[in-house]
Amino acid sequence: MASTSPEPAAAAEGGENNDPIHIRRLELSDHERGFIPLLSQLSACPDLTAPEFATRFAELATQGDDHVILVAEESSAPERWILATGCLFVERKFLRGGGKVGHVEDVVVDAAARGRGLGLRIVRCLVEIARDAGCYKVILDCTPELRAYYAKCGFVDKGVQMAVYF
Ligand SMILES: CC(C)(COP(=O)(O)OP(=O)(O)OC[C@H]1O[C@@H](n2cnc3c(N)ncnc32)[C@H](O)[C@@H]1OP(=O)(O)O)[C@@H](O)C(=O)NCCC(=O)NCCS
């Protein structure tokens, strides 16, 4: 999976990008940059061995642009520690003339980096990718406490979430 900036407009501003934050797609080597510990701030996420991580990375790579994991890192930090992440997967439907729906999942910002707008930027990037992919909507599930945050990201209340857990 190539590492490309999903924020081309920002990169083009002023001819030089002085943004202290770089948002890009997940790389295989991000296993060494705190990606799993970051996810564990969201939900149970035991560490994966390097081969286990590589296997899952390769599986997801076969889905191409239908499964996008973005990460944010400090542009100037040599260790390139991952500060934030979020995922978009694209559901291809028969409905709506073969329409596509974007699902935002696994959004988390490192506790030490919250309140700097990273969560907002990651979600906005995912929504833009979904728009560019031709999705007619983007949906997500969240707790009531996060309603205000996702409202800031442009989402509105719609329906009721239901689940079966195994
Ligand atoms: C929720 C989370 C992703 C927000 O990330 P963040 O980088 O701190 O958020 P931002 O700094 O981009 O905040 C964007 C806006 O949302 C608001 N906001 C952020 N978190 C909020 C919350 N929990 N409740 C209400 N508003 C919130 C901010 O005040 C900000 O508003 P402003 O632009 O008016 O100042 C982060 O707190 C987190 O990782 N939490 C734990 C994991 C989690 O719950 N993930 C979501 C799973 S559905």
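Residues numbered from 1 in each chain as written. Predicted model: local features only at pLDDT ≥ 70, side-chain atom pairs only at ≥ 80, totals over all residues.

### Things to note about the overall build of the protein
For step 1, the next point in the chain: Scanning the protein from terminus to terminus reveals six helices and five strands.
For step 2, the next point in the chain: For the protein, the N- to C-terminal ordering of α and β elements is α-β-α-α-β-β-α-β-α-β-α.
For step 3, the next point in the chain: For 166 residues, the compact-globule formula gives about 15 Å, and the C-alpha radius of gyration of the protein, at 16 Å, lands near that figure.
For step 4, the next point in the chain: Its C-alpha atoms give the protein principal-axis dimensions of about 45 × 45 × 35 Å. (Helix = DSSP H or I, 4+ residues; strand = E, 2+ residues; numbered from the N terminus. Rg over C-alpha atoms; globule rule 2.2 N^0.38 Å.)

### Notes on the nonpolar core
For step 1, the next point in the chain: L70, V71, A84, I122 and L126 are the most contacted members of the largest nonpolar core, which has 28 residues in total.
For step 2, the next point in the chain: Every element with two or more residues in this core is listed here: α2 (35-39), β2 (67-74), β3 (82-92), β4 (100-109) and α5 (118-132).
For step 3, the next point in the chain: Among the elements that line this core, the one with the most residues is α5, at seven residues.
For step 4, the next point in the chain: Sequence-distant contacts of A84, that is, excluding residues within four places in its chain, are made with V71, A72, V108, V109, D110, A113, L118, G119 and I122. (Core = buried A, V, L, I, M, F, W, Y, C linked by C-beta atoms within 7 Å. Buried ≥ 20, exposed ≤ 12 C-beta atoms within 10 Å, placed from the backbone. Contact = placed C-beta atoms within 7 Å.)

### Observations regarding the site of the ligand
For step 1, the next point in the chain: The environment of the ligand is made up of 18 residues, and the closest members are R114, G119, L120, A148 and Y149.
For step 2, the next point in the chain: Secondary-structure elements contributing two or more residues to the shell around the ligand are β4, α5 and α6 (147-152). (Near = placed C-beta within 6 Å.)

### Looking at the UniProt feature "domain: N-acetyltransferase" (unreviewed entry) in the protein
For step 1, the next point in the chain: As annotated by UniProt and renumbered to match this structure, "domain: N-acetyltransferase" (unreviewed entry) occupies residues 21-166.
For step 2, the next point in the chain: Along residues 21-166, the helical share is 29% and the strand share 25%, with 38 Å between the first and last C-alpha atoms. (UniProt positions renumbered as here; feature names shortened; annotations may be inferred.)

### Let's talk about α5
For step 1, the next point in the chain: Taking 1.5 Å of rise per residue, the 15 residues of α5 would be expected to cover 21 Å, and the 21 Å separating its terminal C-alpha atoms lies within 8% of that figure.
For step 2, the next point in the chain: Its buried side turned inward, α5 meets β1 (21-25), β2, β3, β4, β5 (137-139) and α6.
For step 3, the next point in the chain: Positive phi shows up at G134, right after α5, with a value of about 90 degrees. (Expected span 1.5 Å × (residues − 1).)

### Structural notes on the environment of G97
For step 1, the next point in the chain: Of note, G97 is situated in helix α4 (residues 95-98).
For step 2, the next point in the chain: On the basis of neighbour counts, which here come to 7 C-beta atoms within 10 Å, the residue G97 falls in the exposed class.

### Some thoughts on the sheet that holds β5
In a beta sheet, neighbouring strands pair by backbone hydrogen bonds and run either parallel or antiparallel.
For step 1, the next point in the chain: Across the sheet, which stays open at both edges, the five strands sit in the order β1-β2-β3-β4-β5 with mixed pairing between neighbours. Strands at the two margins of the open sheet, each flanked by one partner only, are β1 and β5. In this sheet, adjacent strand axes meet at a mean angle of 25 degrees when their direction is disregarded.
For step 2, the next point in the chain: Summarising the sheet, β1 and β2 pair through five bridges and their orientation is antiparallel. From the neighbouring strand, I23 faces β2, where its bridge partner is A72.
For step 3, the next point in the chain: Against the sheet, α5 makes contact with β1, β2, β3, β4 and β5, and its axis sits at roughly 25 degrees relative to β3, the strand it touches most. (Pairing = 2+ DSSP bridges. Axes fitted to C-alpha atoms, helices over the stretch in contact; angles between N-to-C directions.)

### Some thoughts on the pairing of β3
For step 1, the next point in the chain: Of the pairings in the sheet, the one linking β2 to β3 comprises seven bridges and is antiparallel in character. Residue pairing for β3: L70 is matched across the bridge by G86.
For step 2, the next point in the chain: In this structure, β3 lies alongside β4, joined through eight bridges in antiparallel fashion. Counterpart to L88 in the pairing with β4 is V104.

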